[in-house]
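Summary of structural features
Each chain is listed here by its residues.
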Amino acid sequence: MATNTTTGQLIGYARVSTDDQEAQLQRDALMGAGCARIFEDKASGKNVDRPELTAVLDYARSGDVLCVWKLDRLGRSLIDLVSIVDGLRERGIAFRVLDGALSSVDTTSADGRLFFQVIAAMAEFERSLIKDRTRAGLDAARAQGRTGGRPSVVNEDALTVARARKAKGESVSAIAKALGVSRATLYRHLGESD
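Note that this is a predicted model, so its numbers are computed, not measured.

Within the chain, the secondary structure is distributed over seven helices and four strands. Mapped in sequence order, the helices and strands of the chain form the string β-α-β-α-β-α-β-α-α-α-α. Compactness check: the chain gives a C-alpha radius of gyration of 26 Å against a globular reference of 16 Å for 194 residues, more than 25% above the reference. With respect to the three principal axes, the spread of C-alpha positions in the chain is 80 × 40 × 35 Å. Here the chain holds 194 residues, and 32% of them are scored as buried. Taking all contacts inside the chain whose residues are at least 6 apart in sequence as the whole, residues at least 24 apart take part in 67%. As displayed, the chain offers around 11,700 Å² of accessible surface, 52% of which is attributable to carbon and sulfur atoms. Side-chain charges of the chain comprise 28 positive and 26 negative groups, with the mean position of each set lying 7 Å from the other.

Structure representation (structure tokens):
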């Protein structure tokens, strides 16, 4: 298990959502906290592609502390945030929030770790609610005769043509190519119908 002792450096991560926003307030807070290096993204929090977040996560080493100005600067969602911080913890990297309502999150202290565990429990609860809602929605759709997933690319007419061509000795590869489907798809449908 990773230790929570900080022996490395403070590293900052700042993010603004659009090009016309400025991260100076975040940079000032991170520099004021003593961050040796600051990584900065200009990307929406919903954006999966945040190259500087990837870079800071790669740069940080065991004993370092990753700092953010406010909690919402790091994760796209509560679940995403917990996943990132858990990944840091496993590598022996601490996490600290400098400002805002959740500035109690500081995994270098026992109180901060406890507070983060409460956040993690809420994220787990959120995951469970999402799964339950998804399952209930799928069950309701099935009860109405609907099924999820992509529509089949091989309809009955195409299957009739495929059977006739196969009966004449044509290869499954040639039939699949003519129908514009993969061999595996055609084999699956021929197998289901026979």
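With that out of the way, let us pick up the pattern of salt bridges. Scanning all chains against the criterion turns up eight salt bridges. Among the salt bridges present, the one from glutamate 22 reaches arginine 27, with a minimum N-O distance of 2.5 Å. The exposure class assigned to glutamate 22 is exposed, which follows from its relative accessible area of 53%. Among the ionic pairs, arginine 73 bridges to aspartate 72, the shortest N-O distance being 3.2 Å. Residue class for arginine 73 comes out buried when judged on its relative accessible area of 13%. Given the relative accessible area of 44%, aspartate 72 is considered partly exposed.

Moving on: the environment of alanine 136. Summarising the element assignment, alanine 136 is placed in helix H4 (residues 110–143). Here alanine 136 falls in the partly exposed class, since its relative accessible area comes to 45%. Expressed as a C-alpha distance, the spacing of alanine 136 and phenylalanine 115, which sit 21 residues apart in the sequence, is 32 Å.

It is worth spelling out the sheet that holds strand S1 (residues 10–16) at this point. Pairing is parallel across the open sheet formed by four strands, whose spatial order is S2-S1-S3-S4. Of all strands in the sheet, those bounded by a partner on one side alone are strand S2 (37–42) and strand S4 (94–97). Pairwise comparison of adjacent strand axes, ignoring direction, gives a mean angle of 25 degrees for this sheet. Lying over the sheet, helix H1 (residues 24–32) contacts S1, S2 and strand S3 (65–68), oriented at roughly 170 degrees with respect to S1.

In this model H4 runs 49 Å from its N-terminal to its C-terminal C-alpha over 34 residues, within 8% of the 50 Å that 1.5 Å per residue would give. Listing the buried residues of H4 in full gives Gly112, Phe116, Ile119, Ala120, Ala123 and Ala141. Tucked inside the fold, the buried residues of H4 contact helix H3 (78–90). Positive phi appears at glycine 145, one or two residues downstream of H4, with a value of about 90 degrees.

Next up on the list: the packing of aromatic side chains. Under the counting rule described, the total for this entry stands at one aromatic pair. The ring of tyrosine 59 has arginine 37 lying over it, and the distance from NZ or CZ to the ring centre is 4.7 Å.

Turning our eyes to something else, we now look at the state of the cysteines. Tallied over the entire structure, the rule returns zero disulfides. Unpaired in this structure, cysteine 35 has its nearest cysteine sulfur neighbour in cysteine 67, at a distance of 4.1 Å. We classify cysteine 35 as buried; its relative accessible area is 10%. Judged by its relative accessible area of 0%, cysteine 67 is buried.

Rules used in this analysis
- Residues numbered from 1 in each chain as written.
- Predicted model: local features only at pLDDT ≥ 70, side-chain atom pairs only at ≥ 80, totals over all residues.
- Heavy atoms only, no water.
- Helix = DSSP H or I, 4+ residues; strand = E, 2+ residues; numbered from the N terminus.
- Rg over C-alpha atoms; globule rule 2.2 N^0.38 Å.
- Buried < 20%, exposed > 50% of the residue type's maximum accessible area, 1.4 Å probe, protein only.
- Contact = heavy atoms within 4.5 Å.
- Areas by Shrake-Rupley, 256 points an atom, 1.4 Å probe, with all protein chains shown as cover.
- Lys, Arg positive; Asp, Glu negative; His and termini not counted.
- Charge placed at Lys NZ, Arg CZ, Asp CG, Glu CD.
- Salt bridge = Lys/Arg side-chain N within 4 Å of Asp/Glu carboxyl O.
- Pairing = 2+ DSSP bridges.
- Axes fitted to C-alpha atoms, helices over the stretch in contact; angles between N-to-C directions.
- Expected span 1.5 Å × (residues − 1).
- Phe/Tyr/Trp six-rings, centres within 6.5 Å; stacked < 30°, edge-to-face > 60°.
- Lys NZ or Arg CZ within 6 Å of the ring centre and 35° of its normal.
- Disulfide = S-S within 2.5 Å.

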